[in-house]
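Analysis of the macromolecular model
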Amino acid sequence: MSRELYPQICTGAEFAAELNRRATLTAGVPDSVIRQVLPHLNHYQAVPGEEHAIAIAFGARAGHGCPAVLMQNSGLGRALDALLGLQRLYETGLVLVVSNRGELAWEEPQHQDWGSLTQPLLDLLEIEVVDFGQEGLAGLHRCFDLAYGGEAERIAVLLVHRGNIDESS
Amino acid sequence: MNRREAIESILDRHPKAAFVFCNGLNSRETAHRFKAPNHLYLLHAMGEALAVGVGLKLAQPDREVVVVDGDGNALMGASASVFLPMAGLHHYILVNRGYETTGGQPIDRLPDFPYSQCIEIEVGKIASPNPPPPREIMRGFREWCDPGT
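Heads up: these notes are all about the structure in this document. Because the structure is a prediction, the values reported are computed rather than measured.

**A few points about the overall build of chain A**
- If you tally the helices and strands in chain A, you get five helices and six strands.
- Reading chain A from its N terminus to its C terminus gives the helix and strand order α-β-β-α-β-α-β-α-β-α-β.
- The C-alpha extent of chain A, read off along each of the three principal axes, is 50 × 30 × 30 Å.
- Relative to its full complement of 169 residues, chain A shows a buried share of 59%.
- Within chain A, counting contacts between residues at least 6 apart in sequence, those at least 24 apart form 74% of the total.
- Carbon and sulfur atoms form 50% of the exposed surface of chain A, whose accessible area is close to 6800 Å².
- Distance between charge centres in chain A, computed from 11 positive and 22 negative side chains, equals 4 Å.

This is the structure in structure tokens:
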């Protein structure tokens with residue numbers, strides 16, 4: 001019996017292709033939800049901790065790049081001080097792709113808290129959240145527009161639900 | 001050698017580089033004594049100066065990048081040292097074996113940083129104000145390193 005997942009929107013290769021069109025650099029910590037995206041990314045920098053991914057993206061933006069960071073939701077816990085002390089403080093943009101682990105009943109207990117707390121935490125931080133499940137790949141492009149497309153740059157999170165990106169293999 | 005002398009010697013060694021200074025006294029005293037548009041002064045995010053420098057280097061691979069850390073900062077961000085060595089990226093650590101910004105609490109142990117240049121400095125600080133506002137720092141730095149200019 002197959003496990004419950006959210007509706008699939010695209011494959012990892014399709015997601016990566018759209019990310020490659022907009023991002024000059026991607027950095028992150030591997031996560032099983034996005035594992036099929038990573039092999040297709042151009043300019044991907046694997047990092048040992050999410051806070052470093054945030055800092056790398058900040059440095060890249062200071063150098064006129066358009067970076068994206070990929071992580072699972074628990075990585076927000078590690079990343080938060082860097083996010084507030086760099087992008088928020090200096091008013092620079094960031095596209096942050098976050099997989100929302102722990103939303104589904106069958107997921108492991110260690111993910112459950114983050115599954116229920118991710119959206120409220122981002123709301124508390126007043127960070128713009130774009131729901132990939134609702135907006136699809138257009139939502140990814142909207143994140144880039146929010147982050148880098150205007151006079152005022154912003155942190156924009158694309159929240160990806162389990163199964164939105166093909167996990168079948 | 002005190003902090004000012006150490007920083008001045010690093011600046012002299014890399015006259016055309018982009019600089020990232022870690023938060024705390026390194027940013028404060030450099031902004032106070034040597035403020036320049038090619039300096040990115042971090043005000044927070046302890047431990048992340050090296051990773052910021054890595055991102056800058058990846059965005060502008062032809063530019064020389066210098067990161068000036070403190071030992072407390074380098075210790076907190078030690079896992080970022082896996083990015084070293086990186087051609088054209090220089091990582092300096094000013095070592096005074098303490099958290100001087102917060103009152104001089106000792107740092108008893110430091111790991112080896114084989115690809116960083118550690119400079120022992122005397123304990124001691126000067127009265128220095130907070131660096132300029134972050135928006136001003138970023139605007140000046142981005143203008144300086146605009147690849148179109």
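**Re helix α3 (residues 75-90) of chain A**
Residue and element names in this part refer to chain A.
- Look at α3: 21 Å from first C-alpha to last across 16 residues, which is about the 22 Å you get at 1.5 Å a residue.
- Helix geometry: α3 is bent most strongly at L83, by close to 45°.
- Residues of α3 that are buried include every one of G75, L76, A79, A82, L83, G85, L86, Q87 and Y90, and no others.

**So, the sheet that holds strand β4 (residues 89-95) of chain B**
Residues and elements named next belong to chain B.
- Across the sheet, which stays open at both edges, the five strands sit in the order β2-β1-β3-β4-β7 with parallel pairing between neighbours. With partners counted over all chains shown, the strands left at the sheet margins are β2 (39-41) and β7 (117-120), one partner each. Between one strand axis and the next, the sheet turns through 20° on average, direction left out of account.
- Relative to β4, strand β3 (residues 65-70) runs parallel, the two being bridged by six bridges. Counterpart to V65 in the pairing with β4 is L89.

**Topic: the nonpolar core**
- Of all hydrophobic cores here, the largest spans 96 residues; its most connected members are F15, I54, L96 and L158 of chain A together with L40 and L42 of chain B.
- The element best represented in this core is helix α2 (residues 50-62) of chain A, accounting for eight residues.
- Setting aside residues no more than four positions away along its own chain, F15 of chain A makes contact with C10, V37, V97, F132, L137, L140, L158 and I165 of chain A.

**Comments concerning the side chain of D31 of chain A**
All names here are of chain A.
- Structurally, D31 can be placed in the loop between β1 (25-28) and β2 (44-46).
- Take D31: its relative accessible area is 4%, and that puts it in the buried class.
- With residues near it in sequence (within four places) discarded, D31 still touches Q72, S99 and R101.

**Considerations on the sheet that holds strand β5 (residues 128-131) of chain A**
Residues and elements named next belong to chain A.
- Across the sheet, which stays open at both edges, the six strands sit in the order β2-β1-β3-β4-β6-β5 with parallel pairing between neighbours. The sheet terminates laterally at β2 and β5, the two strands that pair on one side only. Direction aside, neighbouring strands of the sheet carry axes that sit 25° apart on average.

**What about helix α5 (residues 134-144) of chain B?**
- All of the buried residues in α5 of chain B are P134, I137, M138, F141 and R142 of chain B. Considered in projection along α5 of chain B, the buried side chains sweep an arc of 120° and stay on one side of the axis. Every exposed residue of α5 of chain B that faces more than 90 degrees away from the buried side is listed here: R135 and E143 of chain B.
- Residues of α5 of chain B that are buried in the fold lie against α2 and α3 of chain A together with β1 (18-21), β2 and α3 (49-59) of chain B.

**A word on the pattern of salt bridges**
- All told, the structure shown has 20 salt bridges over all chains when counted by the stated rule.
- One salt bridge connects R142 of chain A with E135 of chain A, and the closest N-O pair in it is separated by 2.8 Å.
- You can call R142 of chain A partly exposed: its relative accessible area is 31%.
- Here R142 of chain B and E153 of chain A are joined by a salt bridge, their closest N and O atoms 3.3 Å apart. Remark: E153 of chain A occurs in the loop between α5 (132-148) and β6 (155-160) and R142 of chain B occurs in helix α5; the pair is interchain, linking two chains. Residue R142 of chain B shares its accessibility class with E153 of chain A, and that shared class is buried.

**Details of the interface of chain B and chain A**
- Facing 31 residues of chain B, the contacting portion of chain A comprises 25 residues.
- Linking chain B with chain A are two salt bridges, by the criterion used here.
- At the junction of chain B with chain A, the criterion picks out 11 residue pairs in polar contact (both at pLDDT 80 or more).
- At the level of elements, β2, α3 and α5 of chain B are the ones that each hand at least two residues to the side of chain B that touches chain A.
- Here the element with the most residues in the side of chain B that touches chain A is α3 of chain B; it accounts for seven residues.
- Of the residues belonging to the side of chain B that touches chain A, the class tally is 21 nonpolar, six polar and four charged.

The rules we used
Residues numbered from 1 in each chain as written. Chains lettered and ligands numbered in written order. Predicted model: local features only at pLDDT ≥ 70, side-chain atom pairs only at ≥ 80, totals over all residues. Heavy atoms only, no water. Helix = DSSP H or I, 4+ residues; strand = E, 2+ residues; numbered from the N terminus. Buried < 20%, exposed > 50% of the residue type's maximum accessible area, 1.4 Å probe, protein only. Contact = heavy atoms within 4.5 Å. Areas by Shrake-Rupley, 256 points an atom, 1.4 Å probe, with all protein chains shown as cover. Lys, Arg positive; Asp, Glu negative; His and termini not counted. Charge placed at Lys NZ, Arg CZ, Asp CG, Glu CD. Expected span 1.5 Å × (residues − 1). Bend = angle between axes of the 7 residues up to and from the residue. Pairing = 2+ DSSP bridges. Axes fitted to C-alpha atoms, helices over the stretch in contact; angles between N-to-C directions. Core = buried A, V, L, I, M, F, W, Y, C linked by side-chain atoms within 4.5 Å. Arc of directions from axis to C-beta. Salt bridge = Lys/Arg side-chain N within 4 Å of Asp/Glu carboxyl O. Polar contact = N/O pair within 3.5 Å; in protein donor to acceptor, adjacent residues only side chain to side chain. Nonpolar A, V, L, I, M, F, W, Y, C, P; charged D, E, K, R; others polar.

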